[in-house]
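The chain contents come next:
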Amino acid sequence: MRLEGTRYCPSCGQDVPLDADLQGAYLLTSCALCGLGLGLKVATSSEVELASRPKGAAVQARMTPAGAPVQAWVTPGSLAPPPATAESMLSTQSMQAIQILAQTTGQEVVPAGAVRQMRSVFVVEDSAFLRQVTRDLLTSRSLAKEVVECDDGPAFIEAFVRALAAGQKPELVVLDVRMPEMDGRDVARAMRAVEEAMGVKRTPILFFSGVLCDEPFKAALEALGNAKYIRKTDGDPSVLGERIVAVLERLVGVKR
Amino acid sequence: MPHGPILIAHADGGLVEALGASLRDQPAMPPLVGAGDGATLLAEYVRAHRAGTPPRLVIVDLALPRLDGRATALSLRAAERGLASPPAALLFYTAEAATDDLKALLSRCGRAVHLQRPTALPLAEEVRRLAVAIEKLLAQLGGRA
């Protein structure tokens with residue numbers, strides 16, 4: 001649903017209209033232009049009531065359900081930053097909200113924003129510092145159980161082939177573009193060739209690079225399939241993590 | 001383990017076709033499998049390995065679509081290590097002379113040789129010479145098939 005008001009989106013670099021998804025006991029807001037996640041809020045009991053309304057009923061930011069006036073319960077300024085981990089999100093308040101919602105709907109309720117931990121992620125990056133940063137980002141947010149670091153393309157292809165041969169396909173590959181031995185796009189093409197030959201589905205690829213995503217790059221992403229791009233230098237470093245999570249949500253569904 | 005096909009990825013499709021026909025006439029010569037680009041060649045290699053017939057000889061051009069010869073060769077070597085497969089002999093058959101970059105690539109790949117493609121030679125003669133070179137390479141590798 002579209003919310004009233006705007007909020008600054010670091011990806012778009014401007015004040016943007018907000019979309020919001022009422023999921024479980026949470027309201028997940030995002031930029032209406034680029035889809036970047038901008039905040040998360042635990043629902044109150046009246047908000048849970050809103051969530052349990054019949055399917056298909058229109059949802060507005062300001063509305064009056066069942067004759068009881070309900071003030072808009074989310075404004076851009078009231079958005080709390082998302083909790084760092086799934087565990088920290090399950091506060092007493094949210095657990096109560098989930099319980100109420102589960103009782104109301106008779107269905108299992110999974111809080112929006114809860115993190116699905118990926119079993120294995122490969123990070124291919126020639127900079128040891130950036131490999132460490134990426135590893136920290138993935139592990140501190142419980143996004144990945146295992147992070148395999150590779151410092152160049154051939155080292156990754158070797159490890160990737162070995163993992164596939166052992167039946168241990170990674171759930172995500174984070175790829176730099178400019179690397180000394182092989183360009184990241186070539187690495188991805190080789191990766192796709194190996195996947196095709198071994199009869200496995202395309203592993204999601206997240207290009208995390210300083211290279212500008214121009215038209216040829218977009219065409220390369222399209223040809224590779226199941227691939228997204230985030231520019232390292234885009235946005236405030238403090239929100240870069242959020243941006244990555246938002247892209248991962250679309251790419252591999254790390255949030256449910 | 002039985003030997004697999006000879007793989008070739010070359011920008012000149014006519015050359016690949018003529019070479020395939022020439023090698024077919026030779027007794028006990030492995031079949032030639034052509035790939036239009038480096039990524040397809042890599043896929044063919046992995047497929048052949050999984051079929052239990054890893055290629056002993058791979059021929060690559062440098063100028064290839066999708067994945068150029070350099071990236072193809074490096075990917076191939078990486079895939080071989082990942083599959084715990086002995087490295088195939090690599091023949092770079094290119095119009096380019098052996099530059100320092102190419103020499104460094106040969107050294108990096110190991111078990112690799114470069115053969116400069118002759119210019120102004122009729123295709124039939126070029127293919128004949130290349131077939132002889134392939135035969136010699138396979139002989140050095142220990143028998144044909």
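Predicted model, so just to flag it, every value in this text is computed and none were measured.

(A) Representation of the overall build of chain A in the model. Secondary structure assignment for chain A yields eight helices and nine strands. Of all 256 residues assigned to chain A, the portion counted as buried reaches 38%. For chain A, long-range pairs separated by at least 24 residues make up 63% of all intrachain contacts whose partners lie at least 6 apart in sequence.

(B) Just the interface of chain A and chain B, in detail. Facing 18 residues of chain A, the contacting portion of chain B comprises 18 residues. Split by residue class, the side of chain A that touches chain B holds twelve nonpolar, no polar and six charged.

(C) Here's a closer look at helix α6 (residues 184-198) of chain A. Residue and element names in this part refer to chain A. Across its 15 residues, α6 extends 21 Å between first and last C-alpha, which sits within 8% of the 21 Å expected from 1.5 Å per residue. The buried count for α6 comes to twelve of 15 residues, which makes it a mostly enclosed element. G184, R185, D186, V187, A188, R189, A190, M191, R192, A193, V194 and A197 are the residues of α6 that are buried. G199, located one to two residues past α6, shows a positive phi value of around 65°.

(D) Region of the structure containing the sheet that holds strand β9 (residues 227-231) of chain A. All names here are of chain A. With parallel pairing, five strands are arranged side by side in an open sheet as β6-β5-β7-β8-β9. In the strand order of this sheet, the two ends are held by β6 (144-150) and β9, each with one partner. Along the sheet, successive strands turn relative to each other by an average axial angle of 20°, direction set aside. Both strand β5 (residues 118-124) and strand β7 (residues 172-175) contribute to a ladder of four bridges, which runs parallel. Pairing of F122 across the sheet is with V173, part of β7. Here helix α4 (residues 128-140) sits on the sheet in contact with β5, β6, β7 and β8 (205-209), set at roughly 170° to β6.

(E) Representation of the packing of helix α2 (residues 38-50) of chain B against helix α3 (residues 69-82) of chain B. Residues and elements named next belong to chain B. It is the contact of α2 with α3, at a shortest axis distance of 9 Å, that shows an interaxial angle of 20°. Taken together, the axes of α2 and α3 are roughly parallel relative to one another. Judged by the twist between their axes, the crossing of α2 over α3 is right-handed. On α3, the residues touching G38, L41, L42, Y45 and V46 of α2 are G69, A71, T72, S75, L76 and A79. Its residues assigned to classes, the contact of α2 with α3 shows seven nonpolar, four polar and no charged.

(F) How the structure looks around the environment of R243(A). Residues and elements named next belong to chain A. In this fold, R243 is placed in helix α8 (residues 237-251). In this structure R243 comes out as buried when scored by C-beta crowding, with 20 C-beta atoms within 10 Å. Between the C-alpha atoms of R243 and I230, which are 13 residues apart in sequence, the distance is 8.2 Å.

(G) A look at the pairing of β6(A). All names here are of chain A. Pairing geometry for β5 and β6, over six bridges, is parallel. Across the sheet, the residue bridging to V121 is V147, located in β6. At this point the chain moves from β5, through α4, to the parallel β6, and the crossover so formed is right-handed.

(H) Summary view of the environment of P27(B). Along the chain, P27(B) turns up in the loop between α1 (13-24) and β2 (32-35). In sequence terms P27(B) and L105(B) are 78 residues apart; their C-alpha atoms lie 33 Å from each other.

(I) Looking closely at the sheet that holds strand β3 (residues 57-60) of chain B. All names here are of chain B. Strand order across the open sheet formed by five strands is β2-β1-β3-β4-β5, with parallel pairing between neighbours. Two strands bound the open sheet, and with one partner strand each, they are β2 and β5 (112-116). Adjacent strand axes in the sheet meet at a mean angle of 20°, parallel and antiparallel pairs treated alike. Inspection of the sheet shows strand β1 (residues 6-9) paired to β3 by three bridges, in the parallel sense. The residue of β3 that forms the bridge with L7 is V58. Against the sheet, α2 contacts β1, β2 and β3, and its axis sits at roughly 165° relative to β1.

The rules we used
Residues numbered from 1 in each chain as written. Chains lettered and ligands numbered in written order. Predicted model: local features only at pLDDT ≥ 70, side-chain atom pairs only at ≥ 80, totals over all residues. Helix = DSSP H or I, 4+ residues; strand = E, 2+ residues; numbered from the N terminus. Buried ≥ 20, exposed ≤ 12 C-beta atoms within 10 Å, placed from the backbone. Contact = placed C-beta atoms within 7 Å. Nonpolar A, V, L, I, M, F, W, Y, C, P; charged D, E, K, R; others polar. Expected span 1.5 Å × (residues − 1). Pairing = 2+ DSSP bridges. Axes fitted to C-alpha atoms, helices over the stretch in contact; angles between N-to-C directions. Parallel < 35°, antiparallel > 145°, perpendicular 65-115°, else oblique. Left-handed = near helix turned anticlockwise from the far one by under 90°. Right-handed = clockwise from strand over helix to strand, strands pointing away.

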